[in-house]
Amino acid sequence: MAGETQSGMQCAEVEALLAEALDGVLHGPTLAAFEAHQQGCATCRSMVEEARAGMSLLQALEEAEPPRNLMHNILAQTIGALPSEHAVVKPRGEGWMEKLKGRLAPVFAGVATPRFAMSFGMAFFSITMLLGIAGFRFGDMRDWDLTSKGIRKAYYNTEARVMRYYENMRLVYEIESRVRDLRRAATPDNTQSNQPQQEVPATNPNQKNAPKSEIRPQHNGSHPGYSRDMGGPELASYPAVTLATNPQARQPSAPPSSFYLGGHLERRTA
Amino acid sequence: MDDNQAVNALVRRCVSGDAAAWQDIVQQYHRRIFNICYRFSGSSDDASDLTQEVFIKMYRTLSTFDTTRASFMTWVTTVTRNLLVDHFRKGKYDRITDSLDATPGNQEDGLTIAEQLEDRRASPESRVRSQETQKLVHEALRRLSPELREAVILRDLQDLDYKDIAKVLNVPEGTVKSRINRGRTELARLLQRTYKQVS
């Protein structure tokens with residue numbers, strides 16, 4: 001670049017104004033300064049000529065004719081429709097199904113791809129396989145009554161089944177509790193007959209100071225944990241302490257469990 | 001109702017699911033988009049594929065078009081240009097392989113580029129009128145860098161103004177003018193250099 005010339009315009013300014021000059025939008029003193037600079041600057045003159053030639057060559061290029069099937073292919077790939085010479089604009093009051101399809105098509109365009117379809121297919125296959133392993137059969141769904149009445153009926157049936165199960169389990173536990181109480185009531189006779197056997201080791205002076213943990217309870221046919229007077233292990237002695245501190249609990253006349261059992265039987269017979 | 005309002009109404013109809021409106025849009029713009037792709041890629045087959053991709057992308061993103069930000073023409077050109085740039089970055093269309101001995105269109109009995117440039121009798125303007133010279137300029141256009149090529153295509157072939165080109169290319173208006181000047185100059189020099197090599 002030759003820098004500033006007598007026109008007062010810099011080469012950089014000429015380059016900046018080149019586009020407008022070629023478009024023919026420069027007027028007045030700016031245009032005069034632009035042309036005056038070219039007269040004195042061979043570099044800028046050459047640049048302007050080359051740019052003008054390039055612009056002429058480009059603008060003389062004719063518009064290329066697209067392939068005939070291009071529009072057909074575009075429409076087939078987007079809306080799946082073929083172009084028609086007389087395109088019929090769908091009336092606004094068309095069926096709601098078509099309207100819904102038209103609205104949903106652009107929204108789900110990204111979802112409706114082969115990759116998503118493949119993923120969805122794999123997920124469906126996995127879920128179906130797991131349900132099959134779990135014993136679920138889709139054929140059984142035909143027997144389902146999904147009306148409000150049917151759902152209500154299924155709810156009450158399920159509730160009654162749960163209640164029956166609960167009552168049955170409660171009966172079993174109460175019978176077990178009753179049997180346990182009967183055993184406990186029979187335990188004092190056995191402990192009295194075993195009393196001398198337990199006192200024999202206590203008279204031995206060598207074992208008098210032996211630790212409690214070394215005294216092994218004598219198994220007398222009943223469960224050791226339920227013998228009241230048995231010494232030694234804490235498990236056997238725990239009920240005796242409890243009974244001593246609560247004299248009312250010694251009343252063998254009516255254990256609480258028998259009351260409930262009787263009540264339950266009364267209710268069941270009623 | 002001016003053109004912009006008419007096009008915006010067409011777009012709204014299309015977004016609301018009117019297939020006929022979409023067909024009108026394709027009818028109006030497919031030629032223009034094809035020409036941008038053709039001049040940028042240099043191949044009719046590639047341009048056809050790219051044009052289809054542009055319309056598929058437009059169809060999926062038409063609801064994102066904001067009428068307050070730009071005209072629909074600018075938006076369409078931006079979508080086209082971005083897709084072209086993406087493909088160019090992948091290297092798919094970055095092929096400058098023709099030599100001076102190659103014939104345009106790979107015709108065995110056609111004139112080579114060097115032979116076409118030997119005709120010194122006609123002025124540049126008159127040469128452009130001939131079909132062969134058009135092919136020559138088209139080949140020279142492919143040899144420009146992508147930045148200069150897209151600028152001159154949008155200005156000299158698509159007749160967009162500088163402001164719209166700046167929006168499409170996402171560069172300042174001064175940069176657009178500079179690229180257009182350089183693109184035109186480079187094209188003229190490229191043809192001139194080729195001519196000097198063969199003469």
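Residues numbered from 1 in each chain as written. Chains lettered and ligands numbered in written order. Predicted model: local features only at pLDDT ≥ 70, side-chain atom pairs only at ≥ 80, totals over all residues.

Along its length, chain B carries 10 helices and zero strands. Taken from N to C terminus, the helices and strands of chain B fall in the order α-α-α-α-α-α-α-α-α-α. Within chain B, counting contacts between residues at least 6 apart in sequence, those at least 24 apart form 59% of the total. (Helix = DSSP H or I, 4+ residues; strand = E, 2+ residues; numbered from the N terminus. Contact = placed C-beta atoms within 7 Å.)

A word on the overall build of chain A. For chain A, the helix and strand inventory stands at nine helices and zero strands. In sequence order, chain A lays out its α and β elements as α-α-α-α-α-α-α-α-α. Counting over 270 residues, chain A shows a buried share of 11%. Across chain A, contacts joining residues at least 24 apart in sequence account for 51% of those joining residues at least 6 apart. (Buried ≥ 20, exposed ≤ 12 C-beta atoms within 10 Å, placed from the backbone.)

The next subject is the interface of chain A and chain B. Bring the parts together and some accessible area is lost; that lost area is often taken as the interface size. On the side of chain B, 40 residues touch chain A, which itself brings 41 residues to the contact. For the side of chain A that touches chain B, the elements supplying multiple residues, two or more each, are α1 (11–23), α3 (42–59), α4 (70–78) and α5 (96–107) of chain A. Considering each element in turn, the side of chain A that touches chain B owes the most residues, 10 residues, to α3 of chain A.

Let us now look at the nonpolar core. V26, C37 and L187 of chain B are the most contacted members of the largest nonpolar core, which totals 67 residues. Per-element accounting of this core gives the leading share, 12 residues, to helix α2 (residues 19–41) of chain B. If near-sequence neighbours (up to four positions away) are discounted, V26 of chain B is found in contact with M71, I74 and L75 of chain A together with F55 of chain B. (Core = buried A, V, L, I, M, F, W, Y, C linked by C-beta atoms within 7 Å.)

Residue and element names in this part refer to chain B. At a closest axis distance of 10 Å, the pairing of helix α3 (residues 44–61) and helix α4 (residues 72–89) adopts a crossing angle of 125°. Considering their axes alone, α3 and α4 lie oblique with respect to each other. For the pair α3 and α4, the crossing hand works out as right-handed. Contacts between α3 and α4 involve L50, E53, V54, K57 and M58 on the former and, on the latter, V76, V79, T80, L83, L84 and H87. Considered class by class, the residues forming the contact of α3 with α4 number seven nonpolar, two polar and two charged. (Axes fitted to C-alpha atoms, helices over the stretch in contact; angles between N-to-C directions. Parallel < 35°, antiparallel > 145°, perpendicular 65-115°, else oblique. Left-handed = near helix turned anticlockwise from the far one by under 90°. Nonpolar A, V, L, I, M, F, W, Y, C, P; charged D, E, K, R; others polar.)

In a packed pair of helices, the relevant descriptors are the angle between the two axes and the axis-to-axis distance. Orientation of α4 of chain A relative to α3 of chain B, taken along the N-to-C sense of each, is 35°, at an axis distance of 9 Å. The interaxial crossing formed by α4 of chain A with α3 of chain B has right-handed handedness. Between α4 of chain A and α3 of chain B, the contacting residues are L70, N73, I74, Q77 and T78 of chain A on the first element and S48, T51, Q52, F55, I56 and Y59 of chain B on the second. Classifying every residue of the contact of α4 of chain A with α3 of chain B gives five nonpolar, six polar and no charged.

What follows is about the confidence of the model for chain B. Averaged over all residues, the pLDDT of chain B is 80; the fraction at 70 or higher stands at 76%. In this model, residues 93–109 of chain B is a region of pLDDT below 50 whose contacts with residues beyond four sequence positions or in other chains number 26 contacts. (pLDDT = per-residue confidence, 0-100.)

Here we come to α1 of chain A. Residues and elements named next belong to chain A. Given a rise of 1.5 Å per residue, 13 residues ought to cover 18 Å, and the 19 Å separating the end C-alpha atoms of α1 matches this to within 8%. Every buried residue of α1 is listed here: V14, L17, L18, A19 and A21. Of the residues trailing α1, G24 is marked for its positive phi of about 80°. (Expected span 1.5 Å × (residues − 1).)

Along the polypeptide, L187 of chain B turns up in helix α10 (residues 173–198). L187 of chain B sits 38 residues away from R149 of chain B along the chain, and the two C-alpha atoms are 9.4 Å apart. The residues touching L187 of chain B, leaving out its near neighbours within four places in the chain, are G54, L57 and L58 of chain A together with A140, L141 and L144 of chain B.

What follows deals with α3 of chain A. A rise of 1.5 Å per residue sets the reference length of α3 of chain A, with its 18 residues, at 26 Å; its end C-alpha atoms lie 26 Å apart and thus fit the reference within 8%. Every buried residue of α3 of chain A is accounted for by C44, M47, V48, A51, A53, G54, M55, L57 and L58 of chain A.

Attention shifts here to unusual backbone geometry. Of all residues except glycine, most have a negative phi; of all peptide bonds, most are trans. All names here are of chain B. With phi around 60°, D159 is a residue other than glycine that occupies positive phi space. Within the secondary structure, D159 sits in the loop between α8 (146–157) and α9 (162–169). What makes D159 exposed here is the crowd of 9 C-beta atoms within 10 Å. Its identity is not glycine, yet N170 carries a phi of approximately 60°, on the positive side.

Right, let's get into the environment of M58 of chain B. The topology assignment puts M58 of chain B in helix α3. Contacts of M58 of chain B, omitting those with residues within four sequence positions, involve V76 and V79 of chain B.

Attention now moves to the confidence of the model for chain A. Residue and element names in this part refer to chain A. Averaged over every residue, the pLDDT of chain A is 71; residues scoring 70 or more account for 59%. Of all the helices and strands in chain A, helix α8 (residues 234–245) carries the lowest mean pLDDT, 42, while α3 carries the highest, 90. Segment residues 196–270: pLDDT under 50, and 61 contacts once partners within four positions in sequence are set aside and those in other chains are kept.

All right, on to the environment of F34 of chain B then. Mapped onto the elements of the fold, F34 of chain B is located in helix α2. Taking the number of C-beta atoms within 10 Å as the measure of exposure, F34 of chain B has 26 and is therefore buried. Separated by 16 residues in the primary sequence, F34 of chain B and L50 of chain B place their C-alpha atoms 7.9 Å from one another. The residues contacting F34 of chain B, other than those within four sequence positions of it, are A64, P66 and L70 of chain A together with A47 and T51 of chain B.

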